[in-house]
Amino acid sequence: MSILLPRHVAIVMDGNGRWARARGALRADGHRAGVEPVRTVIEECVRRGIGALTLFAFSSENWGRPRDEVMGLMSLFVESLEAEIDELHRRGVCVRFIGERDELDVRLRTSMAGSERITADNTALALQIAVSYGGRSDILSAARSLAARVERHEITSAQIDEPTFSAALALAGLPDPDLFIRTGGEQRISNFLLWNLAYTELYFTELLWPDFDAAAFEAALQHFAARQRRFGLTGEQIDAGEQPGLP
Ligand code: IPE
Ligand code: IPE
Ligand code: MG
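Being a predicted model, the structure only gives us computed values, none of them experimental.

## Topic: the pattern of salt bridges
In total, this model carries 22 salt bridges according to the counting rule given. Glu79 serves as the salt-bridge partner of Arg32, at 3.0 Å between the closest nitrogen and oxygen. On the criterion of sequence distance, the pair formed by Arg32 in helix α2 (residues 27–33) and Glu79 in helix α4 (residues 67–90) is long-range, its members being 47 residues apart. For Glu44, the salt bridge is made with Arg47, and the minimal N-O distance between the two is 2.9 Å. Of this pair, Glu44 and Arg47 both sit in helix α3 (residues 35–48), separated by three residues, roughly a single helical turn. Shared partners join several salt bridges into a network, and the residues in it are Asp14, Arg18, Arg182, Glu186 and Arg188.

If you want it as structure tokens, here you go:
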């Protein structure tokens with residue numbers, strides 16, 4: 001049976017540390033166990049024809065973790081990207097990274113740029129990986145770049161509307177996420193896509209990220225399909241087929 005699918009799914013992949021602790025393992029082992037579910041959700045999105053997927057891999061606040069954990073995560077990102085990129089390309093995935101690149105080490109930056117270049121023309125899935133990403137800093141840099149355009153007299157401040165602002169953000173050109181998933185049981189955004197989540201359906205699961213599998217993704221999609229999205233209108237207006245003013 002076909003269900004109403006989101007066009008864009010955003011995921012906070014949380015709970016790796018607790019998954020490891022429950023097994024008496026190291027936090028690093030939890031992060032490593034988190035690679036397989038990434039593969040699974042990518043495959044599921046391609047298979048189902050979900051056009052865009054944005055994954056929160058490392059937040060601007062995660063820099064505050066112990067140095068060993070941060071270094072371990074950075075190595076895991078390089079290693080996983082290098083191991084997976086050919087398969088991602090073969091599946092038609094277009095990979096992009098969002099976040100503050102300048103803070104990343106050169107090996108990771110090189111790997112990221114190479115992956116983006118190789119997969120740039122792919123159209124099966126737009127995959128955004130947020131590394132060193134913070135929603136507030138995304139909004140700030142959009143505000144700064146628009147202010148600079150005003151200073152250069154390219155636009156007037158009155159021309160800064162929602163589409164213009166959206167186009168200055170990291171997810172420029174993509175529809176806002178329809179479905180947000182957070183694993184690990186916490187019910188918070190943790191500075192993920194603050195602007196883009198304005199009308200996103202939020203789904204929280206107690207499952208820890210390494211345990212998130214195709215069935216768990218299916219459950220999130222079923223939950224999404226059962227929601228009535230009203231965008232500020234009444235349920236009766238939506239039932240009567242009125243189109244909300246939002247994208
Ligand atoms: C998410 O898992 C991965 C990152 C934030 C990099 P955590 O490492 O936050 O796992 P918990 O929340 O401690 O269980
Ligand atoms: C959010 O998880 C960031 C990522 C999953 C990359 P955190 O574990 O850092 O979030 P908090 O600290 O519980 O809010
Ligand atoms: Mg966490």
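## Here we look at α3
Spanning 14 residues, α3 covers 20 Å between terminal C-alpha atoms, matching the ideal 20 Å at 1.5 Å per step. Considered for burial, the residues of α3 that qualify are Val35, Pro37, Thr40, Val41, Ile42, Glu44 and Cys45. Among the residues trailing α3, Gly49 stands out with phi positive, at a value near 80°.

## Digging into the site of ligand 2
Around ligand 2 sit Val12, Met13, Asp14, Phe56, Ala57, Phe58, Asn62, Arg65, Arg182, Arg188 and Ser190, and that is every residue in its neighbourhood. At a separation of 2.9 Å, an oxygen atom of ligand 2 approaches a polar side-chain atom of Asn62. Take Arg188: an N or O atom from its side chain is 2.8 Å from an oxygen atom of ligand 2. Its free accessible area being 390 Å², ligand 2 has 79% of it covered by the protein chains. A per-element tally of the shell around ligand 2 places strand β2 (residues 52–59) first, with three residues. In the shell around ligand 2, the residues fall into five nonpolar, two polar and four charged.

## A few points about the packing of aromatic side chains
Applying the stated criterion to the full structure yields ten aromatic pairs. Pairing Tyr199 with Phe231 gives two aromatic rings, centres 5.2 Å apart and planes at 50°, and the pair type is tilted. Here Tyr199 is found in the loop between β5 (179–182) and β6 (201–204), whereas its partner Phe231 is found in the loop between α8 (214–225) and α9 (235–239), with 32 residues between them in sequence. For Tyr199, a relative accessible area of 41% translates into the label partly exposed. Taken together, the ring pairs in this structure connect Phe56, Tyr133 and Phe192 into an aromatic cluster.

## Here's the deal with the side chain of Glu116
Inspection of the secondary structure puts Glu116 in helix α5 (residues 106–119). The class of Glu116 is buried, set by a relative accessible area of 18%.

## Topic: the packing of α4 against α5
Packing of α4 against α5 brings their axes to within 10 Å, and their N-to-C directions diverge by 15°. Between α4 and α5, the angle falls in the class roughly parallel. In terms of crossing hand, the pair formed by α4 and α5 is left-handed. Touching Met74, Phe77, Val78, Leu81, Glu82, Ile85 and His89 of α4 are Arg107, Leu108, Ser111, Met112, Ser115, Ile118 and Thr119, all from α5. Residues of the contact of α4 with α5, tallied by class, amount to eight nonpolar, four polar and two charged.

## Quick word on the environment of Pro177
Within the secondary structure, Pro177 is located in the loop between α7 (162–167) and β5. You can call Pro177 buried: its relative accessible area is 2%. Along the chain, Pro177 and Leu202 lie 25 residues apart, while their C-alpha atoms are 10.0 Å from each other. Residue contacts for Pro177: discarding those within four places in its chain leaves His8, Ala10, Leu193, Asn196, Leu197, Thr200 and Arg229.

Reading the values: the criteria
Think of each chain on its own: its residues are numbered from 1, step by step along the sequence as written. Here chains are named by letter from A upward and ligands by number from 1 upward, in the order in which they appear as written. pLDDT decides what is reported in this predicted model: residues at 70 or higher carry local features, side-chain atom pairs at 80 or more are listed and counted, and totals for whole chains, interfaces and linings draw on all residues regardless. With hydrogens and water excluded, all non-hydrogen atoms of the structure serve as input to the side-chain values. A pairing counts as a salt bridge when a side-chain nitrogen of Lys or Arg comes within 4 Å of a carboxyl oxygen of Asp or Glu. The helix count covers DSSP runs of H or I at least four residues long, the strand count covers runs of E at least two residues long, and both are numbered beginning at the N terminus. Here the expected length of a helix is defined as 1.5 Å per residue gap, with one fewer gap than residues. Any residue under 20% of the maximum accessible area for its type is buried, any over 50% is exposed, and the rest in between are partly exposed; the area is computed with a 1.4 Å probe on protein chains only. For this purpose, a residue is taken to be near a molecule or strand whenever a single non-hydrogen atom of the residue falls within 4 Å of it. Polar contact is defined as a pair of N or O atoms within 3.5 Å, subject to the rule that within protein one atom must be able to donate a hydrogen and the other to accept it, and that residues adjacent in sequence are counted only when both atoms are side-chain atoms. To measure how exposed things are, a 1.4 Å probe is used in the Shrake-Rupley method; for residues, cover is taken only from the protein chains shown. Residues are grouped as follows: nonpolar covers Ala, Val, Leu, Ile, Met, Phe, Trp, Tyr, Cys and Pro; charged covers Asp, Glu, Lys and Arg; every other residue, Gly included, is treated as polar. Any two of the Phe, Tyr and Trp rings considered here, Trp counted by its six-membered ring, make a pair once their centres fall within 6.5 Å; the pair's planes then place it as stacked at under 30 degrees, edge-to-face at over 60, or tilted in between. Axis lines are fitted to C-alpha atoms, over the contacting stretch for helices. Their N-to-C directions set the angle, which ranges from 0 to 180 degrees. Here the angle decides the label: under 35 degrees means roughly parallel, over 145 means roughly antiparallel, 65 to 115 means roughly perpendicular, and every other value means oblique. The sense of a crossing depends on the near helix, which, turned anticlockwise from the far helix by less than a right angle, makes the crossing left-handed and, turned clockwise, makes it right-handed. In this analysis, two residues are considered to be in contact whenever any of their non-hydrogen atoms come within 4.5 Å of each other.

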